[in-house]
Amino acid sequence: MSSNIQVQRICQHCHTEFTARTTVTRYCSDKCSKRAYKERIKTGKIERSNTETKAIKHGAIESIKQREYLNVRDAAILIGCSVRTVYRLIDSGGLVASNISERMTRIRRAEIDKLLSVPTVPASKEKEILQSFTWPVEDCYSMKEILTKYPISEKALYDVLKRNKVPRKKDGWYTYVPKVLVDKLLN
C-alpha cells in the first residue's frame, strides 16, 4: 500500500527538512527514529533514578524527624547546614548536646526545634529600636569616657556593645551609650 502524498516535514530528532509520504511521519530516516527512541529510553531511566534518589533523601529526613535523639550528622541534615556548623552551635551554647562517650554526641530533637523557633528581629525593627533611643545625655557615657573608666580596648568595647545590642546615640562627633547598661556589662 503506497501513498502518493508528499508532505514537507521537519525531523524531530535532527531538525532537517524532509519529504514524508504520510501525515504522521516524525523522523527523516530509520536511523533518526532509532536514535530518538534510545534518547527517550535514556531520559526515562534518568528521571526514574532522580525520583528514586529524591524518595530516599526525603525518606531519610522523615526517619530523622521521627527520632527523639540525633547524632551530629543527622542534626546537620535536619537543620540544613554542615556538621562543623552544628559543632560551632554546640560550642557557643546555641544548641544543647550531651556527650555519652568520647565520640557519641547526642542532641535532643526538642533542642533543634527550640533553636529554629527563636524569633529574630528584622533589620528594620532593629534600626527602629536604635533610633528610639530616649536616654538623656546626662545618663550616658561617651565612648571616650568608657575607655578611660574601664580597661578595655576600643575594638573590644565596640564588639561588646554590638554583641549585646546596646542602643547607641550619635550626636555630632560623639556616640553616647546608657551608663546603666555599660556598668552592668563591664562590671
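**Student:** Explanation requested: the sheet that holds strand S8 (residues 174-178) in the structure shown.
**Tutor:** Paired through their backbone hydrogen bonds, the strands of a sheet run either parallel or antiparallel. In spatial order, the strands read S6-S8-S7; together these 3 strands make up an open sheet with antiparallel pairing. Edge positions in the sheet fall to strand S6 (140-142) and strand S7 (169-171), since each of these pairs with one other strand and no more. Across this sheet, the average inter-strand angle for adjacent strands is 35°, counted without regard to direction. Sitting on the sheet, helix H8 (residues 179-186) is in contact with S6 and S8, with an inclination near 70° to S8.

**Student:** Help me out: how do you make sense of the nonpolar core in this one?
**Tutor:** The tendency in soluble globular proteins is for nonpolar side chains to be buried as a group. By size, the foremost hydrophobic cluster in this structure holds 10 residues: Ile64, Leu70, Val72, Ala75, Ala76, Leu78, Val86, Leu95, Ile107 and Ile112. Take this core: its biggest share by element is 4 residues, from helix H2 (residues 72-79). With near-sequence residues (within four places) excluded, isoleucine 112 lies in contact with Leu70, Ala75, Leu78, Ile79, Leu95 and Ile107.

**Student:** Would you mind going over the packing of H2 against helix H3 (residues 83-92) with me for this structure?
**Tutor:** Axis angle and axis distance: for two packed helices, these are the angle between their axes and the distance between the axes, and together they describe the pair. Axis separation between H2 and H3 bottoms out at 8 Å; the angle between their running directions is 100°. Our classification of the angle between H2 and H3 gives roughly perpendicular. On H3, the residues touching Val72, Arg73, Ala75, Ala76 and Ile79 of H2 are Val83, Val86 and Tyr87. Across the contact of H2 with H3, the residue classes break down as 7 nonpolar, no polar and 1 charged.

Rules behind the numbers
Residues numbered from 1 in each chain as written. Predicted model: local features only at pLDDT ≥ 70, side-chain atom pairs only at ≥ 80, totals over all residues. Heavy atoms only, no water. Pairing = 2+ DSSP bridges. Helix = DSSP H or I, 4+ residues; strand = E, 2+ residues; numbered from the N terminus. Axes fitted to C-alpha atoms, helices over the stretch in contact; angles between N-to-C directions. Contact = heavy atoms within 4.5 Å. Core = buried A, V, L, I, M, F, W, Y, C linked by side-chain atoms within 4.5 Å. Buried < 20%, exposed > 50% of the residue type's maximum accessible area, 1.4 Å probe, protein only. Parallel < 35°, antiparallel > 145°, perpendicular 65-115°, else oblique. Nonpolar A, V, L, I, M, F, W, Y, C, P; charged D, E, K, R; others polar.

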